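Observations on the model geometry
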Amino acid sequence: MTIENDNGFSGAGLRRLREVLTRHVESKRIPGLVALVSRGEETHVEAIGTMRHDGGAPMSRDTIFRMASTSKPVTMAAAMVLLDECRLRLDDPVDPWLPELADRRVLRRPDGPLEDTVPALRPITVRDLLTSTFGLGMDFTLLDSPIRAATFERTDYSVASGPAPEPDEWMRRLGELPLSYQPGERWQYDLSNEVVGVLVARVAGRSLEAFLRERVLDPLGMKDTAFHVPAAKIDRLPPLYGPDPATGEFLVWDEAEGGRTARPPAFQGAGGGLVSTVDDYHAYFRMLLNHGVHDGERILSRPAVELMTTNRLTPAQQAARDAMYGNIVHVSAGQGLQGGWGFGMAVRTRRGDYASVGQFGWDGGTGTTAYADPARRLTGILLTQVGMSTPDSMRLINDFWTTLYQALDD
């Protein structure tokens, strides 16, 4: 355990946190983990277990993890920089930068045939993309629909699907599809964040990673955050496992050396492509808690941070999101059930468990979680190498947050 200063947590609570994390590793279902919790000026780090399920090097504070959807809160900062500089405006149509999304057709019924469409009532705006309401995305109520199959075929680049093409080709494929819903009507997950990454690159005139690094990552000292792991750091990257849902056997989704994460991707996925460490993410979330300032340097304006980290959904959008996540609780172990969505991250609008209203952040399908709580000046980050093919990593994440909150010493 690393301890810096001494205020904010109870000793007994931190011991329980370590005991609970250790218990998950000793269960043999989680080979290893790195956790960071901070409050005010106090920071604790736990590195438990090993990088491989069969042993090998121990987890360490600087272990690099695939962040998956926990990438979203960080990559969204690039768009906020452009808003701060008036190079983007929230209610401008995106057509000048993303002509592939101009003149949209919309399905008459979201579960209907792809040919049965009506014209979009209005263009897609920057706001629609930032709030995940542009009309397409992961919708757990439409898993068997034609539009879900067509979207998956054209735009998915998960472990099973292979790498994505260059951004222009990816956008061309996306532009072949109708929308499921009218622009601005309904919240849908994930796809909008990928489009935001392309939008940022086109407006900035350089790759998403180059712009993000110049304006966000480097000023924050996030030296291990990127879209791939270079050869000099590959020994710090564990394999990514997706346990067999039936047997629990550790199946390798992605090896470290020679794997997908070891080379620069053609498509820098803003929705899930980052790798990082607990200290890098701590720097980012502390900047958000500090209203956009890091070590005296302003990274984002205070209003930009407030837009990102407060609920942006209408009551109708909120109700649809609640219903969708409520029906998959067996998978998510509570993920997404506590209310709203800002820009690139969840925002708790009601008290449903130990965490406070106002807490913001998100989870990743590779077994990652990162949230901050402005009311308690609290940050928590837990990173593993176990994907969510079984409930094990989400149960660990749930227990991490429960024990973190009970460790507060007010």
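Provided above is the structure to which this section pertains.
Residues numbered from 1 in each chain as written. Predicted model: local features only at pLDDT ≥ 70, side-chain atom pairs only at ≥ 80, totals over all residues. Heavy atoms only, no water.

Our focus in this paragraph is the pairing of strand S16 (residues 368–373). With 6 of 6 residues buried, S16 is to be regarded as a mostly interior element. Here 5 bridges tie strand S15 (residues 360–364) to S16, and the two strands are oriented antiparallel to one another. Counterpart to Gly361 in the pairing with S16 is Tyr371. One ladder, built from 6 bridges, connects S16 with strand S17 (residues 378–384); its direction is antiparallel. Bridge pairing in S17 links Ala370 to Ile381. (Buried < 20%, exposed > 50% of the residue type's maximum accessible area, 1.4 Å probe, protein only. Helix = DSSP H or I, 4+ residues; strand = E, 2+ residues; numbered from the N terminus. Pairing = 2+ DSSP bridges.)

Another aspect to go through is the pairing of strand S3 (residues 42–52). Residues in a regular strand project their side chains so that they alternate between the two faces of the sheet. The pairing of strand S2 (residues 32–39) with S3 spans 8 bridges and is classified as antiparallel. Bridge pairing links Ser38 to Thr43 in S3. Connecting S2 to the antiparallel partner S3 that follows it, the hairpin turn spans 2 residues, and Gly40 within it adopts a positive phi of roughly 60°. Bridge count between S3 and strand S4 (residues 55–58): 2 bridges; the pairing is antiparallel. Paired with Thr50 across the strands is Pro58, a residue of S4.

In this structure the tally under the stated criterion is 32 salt bridges. Here Arg109 makes a salt bridge to Asp111, at a shortest N to O gap of 3.1 Å. (Salt bridge = Lys/Arg side-chain N within 4 Å of Asp/Glu carboxyl O.)

Within the secondary structure, Glu249 is located in the loop between strand S8 (240–241) and strand S9 (252–254). Accessibility expressed as a relative area gives 48% for Glu249, which makes it partly exposed. Ignoring anything within four residues of it in the chain, the contact list for Glu249 reads Gly242, Pro243 and Asp244. (Contact = heavy atoms within 4.5 Å.)

What follows deals with helix H4 (residues 146–155). An α-helix turns once per 3.6 residues; consequently, residues spaced three or four apart project the same way. For H4, the full list of buried residues reads Ile147, Ala150, Thr151 and Thr155. Buried residues of H4, viewed axially, fall in a sector of 100°; they line one side. On its buried face, H4 sits against strand S6 (105–107), helix H5 (167–175) and helix H6 (191–204). (Arc of directions from axis to C-beta.)

Let's shift gears to the side chain of Ser71. Checked against the element boundaries, Ser71 lands in the loop between strand S5 (65–66) and helix H2 (72–84). For Ser71, the side chain forms a polar contact with the main-chain oxygen of Ala68, separated by 2.7 Å. One polar contact links the side chain of Ser71 to the main-chain amide nitrogen of Leu274, over a distance of 3.0 Å. If sequence neighbours within four positions are ignored, Ser71 has contacts with Ala270, Gly271, Gly272, Gly273, Leu274 and Tyr281. (Polar contact = N/O pair within 3.5 Å; in protein donor to acceptor, adjacent residues only side chain to side chain.)

On to the nonpolar core. Side chains of a nonpolar character, in soluble globular proteins, are inclined to be buried together. In terms of nonpolar packing, the biggest core is built from 76 residues, with Tyr284 and Leu300 touching the most fellow members. Here the element with the most residues in this core is H2; it accounts for 9 residues. Apart from residues lying up to four places away in sequence, Tyr284 is in contact with Pro73, Val74, Ala77, Val216, Leu220, Met222 and Met308. Membership of the second largest hydrophobic core comes to 36 residues, among which are Tyr371, Val386, Met388 and Met394. (Core = buried A, V, L, I, M, F, W, Y, C linked by side-chain atoms within 4.5 Å.)

This next bit is on the packing of H2 against helix H7 (residues 208–220). Where H2 contacts H7, the axes come no closer than 9 Å and their chain directions differ by 80°. What the angle tells us is that H2 and H7 run roughly perpendicular. Of the residues in H7, those touching H2 at Val74, Thr75, Ala77, Ala78, Val81 and Leu82 are Leu208, Phe211, Leu212, Arg215, Val216 and Leu217. (Axes fitted to C-alpha atoms, helices over the stretch in contact; angles between N-to-C directions. Parallel < 35°, antiparallel > 145°, perpendicular 65-115°, else oblique.)

Moving on to unusual backbone geometry. Unlike most non-glycine residues, Asp190 shows phi in positive territory, near 85°. Relative to the elements of secondary structure, Asp190 occurs in the loop between H5 and H6. The phi dihedral of Arg377 is positive, around 50°, even though this residue is not glycine. Mapped onto the secondary structure, Arg377 falls in the loop between S16 and S17.

Let us look at the packing of aromatic side chains. Applying the stated rule across the entire model yields 13 aromatic pairs. On the basis of an interplanar angle of 65° and a centroid distance of 5.2 Å, the ring pair of Trp187 and Trp341 is categorised as edge-to-face. Within this pair, whereas Trp187 is found in the loop between H5 and H6, its partner Trp341 is found in strand S13 (residues 339–341), the two being separated by 154 residues in sequence. For the pair Trp187 and Trp341, one class covers both residues: buried. Taken together, the ring pairs in this structure connect Trp187, Tyr189, Trp341 and Trp362 into an aromatic cluster. Over the ring of Trp187 we find Arg321; its NZ or CZ atom is 4.5 Å from the centre of that ring. (Phe/Tyr/Trp six-rings, centres within 6.5 Å; stacked < 30°, edge-to-face > 60°. Lys NZ or Arg CZ within 6 Å of the ring centre and 35° of its normal.)

Where H2 meets helix H8 (residues 278–289), the closest approach of the two axes is 11 Å, and the angle between their N-to-C directions is 55°. Considering their axes alone, H2 and H8 lie oblique with respect to each other. Note on packing geometry: the crossing formed by H2 with H8 is left-handed. Every residue of H8 that contacts H2 at Pro73, Val74 and Ala77 is listed here: Tyr281, Tyr284 and Phe285. In terms of residue class, the contact of H2 with H8 is made up of 6 nonpolar, no polar and no charged. (Left-handed = near helix turned anticlockwise from the far one by under 90°. Nonpolar A, V, L, I, M, F, W, Y, C, P; charged D, E, K, R; others polar.)

The next point concerns the side chain of Thr261. Checked against the element boundaries, Thr261 lands in the loop between S9 and strand S10 (275–276). When its relative accessible area of 10% is taken as the criterion, Thr261 is described as buried. Once residues within four sequence positions are removed from consideration, Thr261 is found in contact with Arg66, His228, Val229, Leu237, Asp254 and Val275.

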